[in-house]
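# Structural description and commentary
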Amino acid sequence: MPRRRTTALSVCLVAVAAIALVACGPPPEPAPKYDHNDPITLGNGGVPGNASAIAASVSADGRWTAFRSSASNLVPGDTNGVADTFVRDNRTGHVTRIAEHTADAPMISRNGRYVGLKFADGSTYGVHDRSTGITTTWTGPTNLSVPVLTDDGTRALYGAGPSLGIFPSYCRVRDLATGTETDCPWGPADFGTVGLVGLSGNGRFAMYHWLDQSGTGTSGYYLWDIETGEQTRLEGDIVTLGVINVVSDDGSTIVTAGLTETVPPRIHDVATGTSEAFPTEPEGMLMPTGISPDGRWIAAVSDAPNLVPDDTNGTVDMFLLDRSDGSLSRVSLAFDTGAQLELGALNCGKHAGQVLDGGRVCLLAGDEISPADDNGVADAFLTPARS
């Protein structure tokens, strides 16, 4: 009798659960779980690439990696002998090749649905919709940045920074439904080369300026909120070279690059017009690569040996600034031992999908970073979350 009662109770609970499932829908999928020792640029079946991963970006939840690789064994039938762009589901390990013969770092949207692309001819750009599998392409000026996309897939932001009036520069927003493009707002006709010099990873904010045709005058720098149309003139000393500055998703913070010891990196507060230095002024180059969606973490790549103690490898490393306490850490360290990497590490890309909430950073490194990596070429990794 006790057994029968137990069985009846189990049937009853199953029935109740079924009713609840029908009423409320299926339970949400569990949050993705990762072993940070594994590269996020593996092929199908967890196969390590037989050539280097060149660049990558990661969705805000860490599930989706869009990456460019010259490996031929990531998916079946890859026989073109050139670098292609792939998307990997880090939860299931499934990999799809979404575009062939591409250039530069792909830009994945924060929600992981859309991927901005640039092709090897230098003048073809595109957007891949991961949900539909459709890639839309268009032709534009040569060698602009890879489009950065909004989560709803309606808009792409791309361009090129001014270069002393010698080379053409652009700052463009493309309406992906109509194919029409709008320049960043600019001034009088004699200031005609408007250029993109920074942007936010969610595609909402563009930082830009324009030069006159002779290269002798400049407008100063502006931040454009594309959603509201608001333009803010930026105060303080800002030096730029190309699309190298990063902007927070809410437009409140801009991090400018440090190109030399005489041009140090700065963190700018847009509302107050003030700026602050990094905790340690680098004795060398420091290039910001991204700001986390919550604005707490800033990732940067640097060859400076003085940012943290015991940096003696004499090469480029990846660093992470925690704005909540001002601490600066080197994150390109061996996952199992914490030892510095003899070959250092590089950034996966820039702007979109480079640093996630929790302080996880996308970086490119060789086998020495992880005991799970032994293919002898560079791969992309997500560093462990920080407290």
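Here's a quick rundown of the structure. Within every chain, residues take consecutive numbers counted from 1 along the sequence as written. Only residues with pLDDT of at least 70 are given local features in this predicted model, and only at 80 or more are side-chain atom pairs given and counted; all residues enter the totals for whole chains, interfaces and linings. The side-chain figures draw on all heavy atoms in the structure; neither hydrogens nor water molecules are used.

### Thoughts on the overall build of the protein
Looking only at helices and strands, one finds one helix and 28 strands in the protein. For the protein, with 387 residues in total, the buried portion stands at 52%. Should any heavy atoms of two residues lie within 4.5 Å, those residues are considered in contact. In the protein, 47% of the contacts between residues at least 6 apart in sequence involve partners at least 24 apart. Accessible surface, the protein: about 16800 Å² in total, of which carbon and sulfur atoms supply 54%. Helix and strand assignments follow DSSP, with helices taken as H or I runs no shorter than four residues and strands as E runs no shorter than two, numbered in order from the N terminus. Think of it in three bands: residues with accessible area under 20% of the maximum for their type are buried, residues over 50% are exposed, and the middle band is partly exposed, with areas taken using a 1.4 Å probe on protein chains only. Residue burial considers only the protein chains on display, and all accessible areas are found by Shrake-Rupley using a 1.4 Å probe.

### Comments concerning the environment of Phe119
Secondary-structure assignment places Phe119 in the loop between β6 (114-118) and β7 (124-129). Given the relative accessible area of 14%, Phe119 is considered buried. With 34 residues separating them along the chain, Phe119 and Thr85 place their C-alpha atoms 9.6 Å apart. Residue contacts for Phe119: discarding those within four places in its chain leaves Ala99, Glu100, His101, Thr102, Ala103, Thr124, Tyr125, Gly126 and Thr137.

### Let's talk about the state of the cysteines
Here, the term disulfide refers to a pair of cysteine sulfur atoms separated by no more than 2.5 Å. Counted under the stated rule, the structure contains two disulfides. Here Cys171 is linked by a disulfide to Cys184, with a sulfur-sulfur distance of 1.8 Å. Looking along the S-S bond of the Cys171-Cys184 disulfide, the torsion reads about -45°, which is the left-handed sense. Taken together, the residues span a long stretch of sequence, with Cys171 in strand β11 (residues 170-175) and Cys184 in the loop between β12 (181-183) and β13 (193-200) at a distance of 13 residues. The disulfide bridge from Cys348 ends at Cys362, spanning 2.2 Å between sulfur atoms. Judged by the sign of its S-S torsion, about -85°, the cystine formed by Cys348 and Cys362 is left-handed. With Cys348 in the loop between β25 (346-347) and β26 (355-356) and Cys362 in strand β27 (residues 360-365), this pair connects stretches of sequence that are 14 residues apart. When sorted by exposure, Cys348 lands in the same class as Cys362, which is buried. By sequence-ordered numbering of the bonded cysteines, the protein has its disulfides arranged as 1-2, 3-4.

### What about the pairing of β27?
With six of six residues buried, β27 lies mostly within the body of the structure. Of the two faces of β27, the one lined by Arg360, Cys362 and Leu364 and the one lined by Val361, Leu363 and Ala365 are each fully buried. As judged from the two bridges shared by β26 and β27, these two strands associate in the antiparallel manner. If you follow Val355 over to β27, its bridge partner there is Val361. We call two strands paired when DSSP finds no fewer than two bridges between them.

### Let's talk about the sheet that holds strand β24 (residues 327-330)
If you walk across this open sheet you meet the four strands as β21-β22-β23-β24, and the pairing is antiparallel. Looking at the sheet topology across the chains shown, the edges are occupied by β21 (286-291) and β24. Direction aside, the axes of adjacent strands within the sheet are offset by 25° on average. In the sheet, strand β23 (residues 317-322) pairs with β24 via four bridges, with the strands oriented antiparallel. What sits directly across from Leu320, in β24, is Ser329. Simply put, an axis is a line fit to the C-alpha atoms, just over the touching stretch for a helix, and the angle between two N-to-C directions goes from 0 to 180 degrees.

### Examining the pattern of salt bridges
Salt-bridge detection follows one rule: a side-chain nitrogen of Lys or Arg within 4 Å of a carboxyl oxygen of Asp or Glu. Within the structure shown, the criterion is met by 16 salt bridges. The partner of Arg113 in a salt bridge is Asp129, with the nearest N and O atoms 2.8 Å apart. With a gap of 16 residues between them, Arg113 in the loop between β5 (107-108) and β6 and Asp129 in strand β7 connect regions that are remote in the sequence. When its relative accessible area of 29% is taken as the criterion, Arg113 is described as partly exposed. Salt-bridge contacts for Arg172 lead to Glu181; the nearest nitrogen and oxygen are separated by 3.2 Å. Take Glu181: its relative accessible area is 29%, and that puts it in the partly exposed class. Here the salt bridges share partners, and the residues they tie into one network are Asp78, Asp84, Arg97 and Glu100.

### Digging into the side chain of Asp89
Structurally, Asp89 can be placed in strand β3 (residues 84-89). Judged by relative accessible area, Asp89 falls into the buried class, the value being 6%. Each polar contact in these results corresponds to two N or O atoms within 3.5 Å; when the atoms are within protein, one needs to be able to donate a hydrogen and the other to accept it, and residues that are neighboring in sequence are counted only if both atoms are side-chain atoms. Side-chain polar atoms of Asp89 contact the side chain of Arg63, separated by 2.7 Å. Those residues within four positions of Asp89 in sequence are excluded, and the remaining contacts are Arg63, Trp64 and His94.

### Some remarks on the pairing of strand β1 (residues 53-58)
Of all the six residues making up β1, five are buried; the element is thus mostly covered by neighbouring parts of the structure. For β1 and strand β2 (residues 64-69), the ladder comprises five bridges, and the chain directions are antiparallel. The partner of Ala56 across the bridge, within β2, is Phe67. In sequence, β1 turns back onto β2 through a hairpin of five residues, with Gly62 there showing a positive phi of about 80°.

### Focus: the side chain of Asp317
Inspection of the secondary structure assignment puts Asp317 in strand β23. Side chain to side chain, Asp317 and Asn313 meet in a polar contact 3.0 Å long. Of the polar contacts made by the side chain of Asp317, one reaches the side chain of Ser332; its length is 2.8 Å. The residues touching Asp317, leaving out its near neighbours within four places in the chain, are Ala300, Val301, Ser302, Asp311, Arg330, Ser332, Gly344 and Ala345.

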